[in-house]
Amino acid sequence: MADLRDMGRQDSGPHGSGRQDFDAVVIGTGAGGAPLLARLAQAGLRVLALEAGEAHPPEAMPTDERAQAGLFWRDERLSAGANPLPFGNNNSGCGVGGSTLHYTAYVPRPQPDDFHLRRTFGVGEDWPLAFSKLEGYFDELEGFLGVSGPATYPWGPPRRQGYAHPPLPLNGAAQLMQRGAEAVGLRTSPAPNAALSRPQEQEGYGLRPACTNRGFCQAGCSVGAKASMDVTFLPLATRHGAEIRAGCFVTDLERRGDRVTGVVYRQGGQERRVRAGAVFLAAGAIETPRLLLRLGLANSSGQVGRNFMAHVGTQLWGQVEEEVRPHKGIPGALISEDTHRPEGADFAGGYLVQSIGVMPVTYASQFARGTGTWGAALTSHMRGYRHTAGINVLGDCLPQPGNFLELSDEPDGRGLPKPRIHFSWGENERRMNAHATRLMTDLWTAAGASGLWTLERSAHVIGTARMGRDPRRSVVRPDGRAHDLENLYISDNSTFPSALSVNPALTIMALSLRTADGFLAARRKGESACDRGALEQT
Amino acid sequence: MSRDPQGAGATLAELLKSPHVTSPTRQVLEERLEARHEPRALQADEFSRLQAVARRLVPPDPALFVPGEPDLAGAVDHRLASGLGDGWRYDDTPPDLEALKELLDVLPVDFVNQPSEGQDAHLRRLQERLPHAFEDLLAELTEVYYSHPLVQVSLGVAPFADAPGWTRIGLDEREEWEPQVGGAAPSPERHG
């Protein structure tokens, strides 16, 4: 014990109290980790969050796409399959706040039928919980984060409460989508975005100002208007006594029997450990299964790393007569969910359509990658950047045996095996993509765009440790606890049994709060003697 | 130094002095304007081949104003020497430095001295033969070029001049401090 205490004392400093015993340790500070960290701290638990990345305070955030590299996970991932998924400045996050530092804050709710794709279509996987179990959390989150949205949202079940703030202003791409949608008979609405259209007081942080329409959400918000975790749940958590240690990469989970007893991590080249009454793994759908596979944990089902999914996220771009200057305004200002269950579709599930803003370097890079254009053809295309506007879709993805994450033989900079992610579209994704491409082409043509080109892409990493009631077919229970371990929980997008036809952030946060509430209720009941034992120890 | 008929240089200098650019942004941009890198990751002959490749893949746009030649190859070499990646790579492609060397090795020894038509023919074959490594290099060169603030101003945008924020964000709306220079009318050609 003495040597452990000595080790703990070395932790004192800007990010460390030196404490080495916690009721709960949360690994990751993104949308999965931060909400439950706050909930547990508010309940009076002694909680610690370990974050692999560094803090990126808003006031230090440059408005620059290349300088944003520090927000992303730069340890290399290997992308295999017919539709290899890019990582780095897409589909990864690193920093206090995780991927929410660079998400676009697009937060439409999933609809009730998103949770039972198999029941409706006979394919995919049903969730072990219904929309109604999350609805209260959606209400709570939209208020707490300060979601800006329309007074009446046209899709989904009637809402019990309105959005916290009026919608954000429409940028050029949104105006064009309105124009095109009207012509082809598609309903649109200002989109719900977790960025403030009015200032809002945030407990533990202070006043968050309204969005300045800077448009660089994907490069990190520099004013705190966007509801990233570092200006919302994390300050709430620390206000209630939670501790956050940045630059801490978790390497091991110590176990005794079917309990996790401690967390081992590296910070600044030193190995450290803390004892934990419970561990909440919230490292995202790549690092979560990577750690579990490396440690051979929570995998009696053989499902860890399996059921990897990514949304069909095809974009369509064109240029119009008007100046668009597409780097301004909230990127996803306008939405349509008329395609949630399109009539006569030859695929399962559905998708949403959104107008999209784009920063210049991102646009140039994806044009070069997506079309293979170089030389004078590339630079002449880019001269039209300020006339450029895009739309994209975001749709379901079915799990398939060939889509999974595994550990490669190639070590990364830390000496740990790089993950290899296999991803190929199946028939359902191909059909949905074809349907969406036709629709977007009609819409953008009607809006007056020419020189159209499509970027077939996938976005958001989902699956790899799915939840379910059957321990032979799933990794965690519906409350997020691992089937195989008494006190290990997973709270991130890896637990999603299906991809849903909306962006994942809001649902990740809702599940995070639900997992925390379930854990606290069980703890209050003193559900297991082990829990009591852990309480007495600390 | 190329001509600057549209005054992009003056526009940028003006903006950088103004309160429209926040200090973290200004710092990044000023460093970038200064940046020149001596090759460290590549051998001298490899580096000159990379410079020649960069000149063909992302040629300085004569319609834009950038003083001198943007140091695209130097930025790539600098990133490789630092050991930093972009967080992923295609599984069928070797690690970044190896992939780039392989790409350059395929080109003929006299590539740098060939006329541009000949170079382009080699590059088209290279794009077919090693599509993923080619795509990665093309994307990186493109990102370096279009992150140059003078290139952006020449395109008629100044996304970095974002303080206190934008209020005129709709179609054909422009803040008074946004550049009007540069940028041809949209091209009707189809891609992809």
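Keep in mind it's a predicted model, so treat the numbers as computed, not measured. (Residues numbered from 1 in each chain as written. Chains lettered and ligands numbered in written order. Predicted model: local features only at pLDDT ≥ 70, side-chain atom pairs only at ≥ 80, totals over all residues. Heavy atoms only, no water.)

K.L.:
What is the right way to look at the overall build of chain A in this model?
P.N.:
A tally of regular secondary structure across chain A gives 12 helices and 20 strands. Computed over its C-alpha atoms, the radius of gyration of chain A comes to 22 Å, within 12% of the 24 Å expected for a compact globule of 538 residues. In terms of principal-axis extent, the alpha carbons of chain A reach across some 70 × 50 × 50 Å. Taking all 538 residues of chain A together, 66% fall into the buried category. Taking as baseline every contact in chain A between residues at least 6 positions apart, the subset at least 24 positions apart corresponds to 75%. Surface summary for chain A: the accessible area is close to 17,200 Å², and the carbon and sulfur share equals 47%. (Helix = DSSP H or I, 4+ residues; strand = E, 2+ residues; numbered from the N terminus. Rg over C-alpha atoms; globule rule 2.2 N^0.38 Å. Buried < 20%, exposed > 50% of the residue type's maximum accessible area, 1.4 Å probe, protein only. Contact = heavy atoms within 4.5 Å. Areas by Shrake-Rupley, 256 points an atom, 1.4 Å probe, with all protein chains shown as cover.)

K.L.:
Would you take a moment to explain unusual backbone geometry for this structure?
P.N.:
Peptide bonds are mostly trans, and most non-glycine residues show a negative phi. For the bond from Ala163 of chain B to Pro164 of chain B, the omega torsion is 5 degrees, close enough to zero to count as cis. Secondary-structure assignment places Pro164 of chain B in the segment after helix H8 (149-154). Positive phi is not limited to glycine here, since Asn213 of chain A has a value of about 60 degrees. Note that Asn213 of chain A resides in the loop between strand S6 (206-208) and helix H6 (233-239). Owing to a relative accessible area of 10%, Asn213 of chain A belongs among the buried residues under this scheme. Of note, Ala298 of chain A is a non-glycine position whose phi angle comes to about 60 degrees, a positive value.

K.L.:
So what exactly am I meant to see when it comes to the sheet that holds strand S3 (residues 77-80) of chain A here?
P.N.:
The pairing of strands in a sheet happens through backbone hydrogen bonds and is either parallel or antiparallel. The mixed open sheet is built from four strands, whose spatial order is S16(A)-S17(A)-S3(A)-S1(B). Since the sheet does not close on itself, it has two edges, and those belong to strand S16 (404-411) of chain A together with strand S1 (88-90) of chain B, each with one partner. Put simply, the sheet's adjacent strands are angled 30 degrees from each other on average, direction ignored. Where S3 of chain A and strand S17 (residues 417-422) of chain A come together, three bridges link them in parallel fashion. (Pairing = 2+ DSSP bridges. Axes fitted to C-alpha atoms, helices over the stretch in contact; angles between N-to-C directions.)

K.L.:
Can you help me understand helix H6 (residues 116-129) of chain B in this one?
P.N.:
Residues that lie three or four places apart on an α-helix share one face, since the helix turns once every 3.6 residues. All names here are of chain B. Given a rise of 1.5 Å per residue, 14 residues ought to cover 20 Å, and the 20 Å separating the end C-alpha atoms of H6 matches this to within 8%. Within H6 the residues assigned to the buried category are Gln119, Asp120, His122, Leu123 and Leu126. In an axial view of H6, the angular spread of the buried residues amounts to 160 degrees, which keeps them on one side of the axis. With respect to the buried face of H6, the exposed residues turned more than 90 degrees away are Glu117, Arg125 and Glu128. Where H6 is buried, its residues contact helix H3 (44-57), helix H5 (96-106) and helix H7 (131-146). (Expected span 1.5 Å × (residues − 1). Arc of directions from axis to C-beta.)

K.L.:
Sorry, what's going on with the packing of helix H5 (residues 172-184) of chain A against helix H10 (residues 427-446) of chain A here?
P.N.:
Helices that pack against each other are described as a pair by the angle of their axes relative to one another and the distance between those axes. Residue and element names in this part refer to chain A. Contact geometry of H5 with H10 gives a least axis separation of 7 Å together with a crossing angle of 105 degrees. Classed by the angle they form, the pair H5 and H10 counts as roughly perpendicular. Every residue of H10 that contacts H5 at Ala173, Leu176, Met177, Gly180, Ala181, Ala183 and Val184 is listed here: Asp442, Leu443, Trp444 and Ala446. Classifying every residue of the contact of H5 with H10 gives nine nonpolar, one polar and one charged. (Parallel < 35°, antiparallel > 145°, perpendicular 65-115°, else oblique. Nonpolar A, V, L, I, M, F, W, Y, C, P; charged D, E, K, R; others polar.)

K.L.:
Is there a simple way to think about the confidence of the model for chain B in this case?
P.N.:
For any part of a model where pLDDT is low, the fine detail of the predicted coordinates should not be relied upon. When the pLDDT values of chain B are averaged, the result is 90; 89% of them are 70 or greater. Below a pLDDT of 50 lies the segment residues 182-192 of chain B, which in the model reaches 27 contacts outside its immediate sequence neighbourhood of four places, other chains included. (pLDDT = per-residue confidence, 0-100.)

K.L.:
Would you take a moment to explain the environment of Ala8 of chain B for this structure?
P.N.:
Residues and elements named next belong to chain B. Take Ala8: it is sitting in helix H1 (residues 8-17). Classification of Ala8 as buried rests on a relative accessible area of 0%. A C-alpha to C-alpha distance of 9.2 Å links Ala8 and Gln152, two positions 144 residues apart in sequence.

K.L.:
It is not clear to me how the side chain of Arg481 of chain A should be interpreted in this structure. Could you clarify?
P.N.:
Residues and elements named next belong to chain A. Within the secondary structure, Arg481 is located in the loop between strand S19 (458-462) and strand S20 (488-490). Look at Arg481 and you get buried, because its relative accessible area is 11%. With sequence-adjacent residues up to four places away left out, Arg481 is seen in contact with Val475, Val476, Glu486, Leu488 and Tyr489.

K.L.:
How should the interface of chain A and chain B be read in this particular structure?
P.N.:
Often, the extent of an interface is quoted as the loss of accessible area upon association of its parts. In this assembly, 73 residues from chain A lie in contact with 68 residues from chain B. Approximately 5,700 Å² of surface area, both sides summed, lies buried where chain A meets chain B, with 56% of it carried by carbon and sulfur atoms. In this structure, the connection of chain A to chain B is made through 10 salt bridges. A salt bridge links Arg383 of chain A to Asp61 of chain B, with the nearest nitrogen and oxygen atoms 2.7 Å apart. In this structure, the connection of chain A to chain B is made through 30 residue pairs in polar contact (both at pLDDT 80 or more). (Buried area = accessible area lost by both parts, 1.4 Å probe. Salt bridge = Lys/Arg side-chain N within 4 Å of Asp/Glu carboxyl O. Polar contact = N/O pair within 3.5 Å; in protein donor to acceptor, adjacent residues only side chain to side chain.)

K.L.:
What am I meant to see in the side chain of Gln303 of chain A here?
P.N.:
Residue and element names in this part refer to chain A. Topologically, Gln303 is positioned in the loop between helix H7 (284-295) and strand S11 (309-312). The exposure class of Gln303 is buried, given its relative accessible area of 17%. When sequence neighbours within four positions are dropped, the list of residues in contact with Gln303 reads Thr464, Arg466, Arg472, Arg473, Ser474 and Val475.

K.L.:
Teacher, can you tell me more about the packing of aromatic side chains here?
P.N.:
Within a pair of aromatic rings, the relevant descriptors are the distance that separates the centres and the angle that separates the planes. All names here are of chain A. The tally for this structure, following the rule as stated, stands at 22 aromatic pairs over all chains. For the ring pair Trp73 and Phe249, a centre distance of 6.2 Å and an interplane angle of 40 degrees mean the geometry is tilted. One end of the pair, Trp73, is in the loop between strand S2 (47-50) and S3; the other, Phe249, is in strand S8 (residues 248-256), and 176 residues separate them in sequence. Just as Trp73 is buried, Phe249 falls in that class too. (Phe/Tyr/Trp six-rings, centres within 6.5 Å; stacked < 30°, edge-to-face > 60°.)

K.L.:
Just checking my understanding: could you explain the pattern of salt bridges for this structure?
P.N.:
All names here are of chain A. This model, assessed by the stated rule, comprises 47 salt bridges over all chains. For the salt bridge of Asp114 with Arg341, the shortest nitrogen-to-oxygen distance reads 3.8 Å. In this pair, Asp114 is assigned in the loop between S3 and helix H3 (117-121) and Arg341 in the loop between strand S13 (334-336) and strand S14 (351-356), connecting sequence segments 227 residues apart. With a relative accessible area of 25%, Arg341 lands in the partly exposed category.

K.L.:
Even after reading the chapter, I still don't get the nonpolar core, so can you show me in this structure?
P.N.:
Most often, soluble globular proteins have nonpolar side chains that are buried together. If you look at the biggest cluster of nonpolar residues, it comprises 139 residues, and the most contacted ones within it are Leu40, Phe233, Leu253, Val263, Trp444 and Leu488 of chain A. Ranked by residues supplied to this core, first place goes to helix H11 (residues 505-525) of chain A with 10 residues. When near neighbours in sequence (up to four residues on either side) are disregarded, Val263 of chain A contacts Val25, Ile27, Leu50, Val250, Asp252, Leu253, Arg272, Arg273, Val274, Ala276 and Val279 of chain A. Listed in part, the 49 residues of the second largest apolar core include Leu50, Leu123, Leu137 and Val157 of chain B. (Core = buried A, V, L, I, M, F, W, Y, C linked by side-chain atoms within 4.5 Å.)

K.L.:
Which parts of the structure should I look at to understand the pairing of S2 of chain A?
P.N.:
On a regular strand, one side chain projects to one face of the sheet and the next to the other, so that they alternate. Residue and element names in this part refer to chain A. Alternating positions in S2 separate into two faces, Val47 and Ala49 on one and Leu48 and Leu50 on the other, with burial throughout. Across four bridges, strand S1 (residues 21-27) lies against S2 in parallel orientation. Looking across to S2, one finds that Val26 is bridged to Ala49. Once you follow S1 into helix H2 (residues 34-42) and on to S2, the crossover reads as right-handed. (Right-handed = clockwise from strand over helix to strand, strands pointing away.)

K.L.:
Is there a simple way to think about the state of the cysteines in this case?
P.N.:
In protein structure, a disulfide is the covalent linkage between the sulfur atoms of two cysteines. Residues and elements named next belong to chain A. Under the definition given, this model contains zero disulfides over all chains. Not engaged in a disulfide, the cysteine Cys217 finds its nearest cysteine sulfur in Cys211; these two sulfurs lie 6.2 Å apart. A relative accessible area of 11% means that Cys217 is categorised as buried. As a non-bridged cysteine, Cys221 has Cys217 as the owner of its nearest cysteine sulfur, 6.7 Å distant. (Disulfide = S-S within 2.5 Å.)

K.L.:
What exactly am I supposed to notice about the packing of H3 of chain B against helix H4 (residues 72-82) of chain B here?
P.N.:
All names here are of chain B. Interhelical geometry of H3 versus H4 gives an angle of 125 degrees and a closest axis separation of 8 Å. With respect to H4, the axis of H3 lies oblique. The hand of the H3/H4 crossing is right-handed. Between H3 and H4, the contacting residues are Phe47, Leu50, Gln51 and Ala54 on the first element and Leu72, Ala73, Gly74, Val76 and Asp77 on the second. (Left-handed = near helix turned anticlockwise from the far one by under 90°.)

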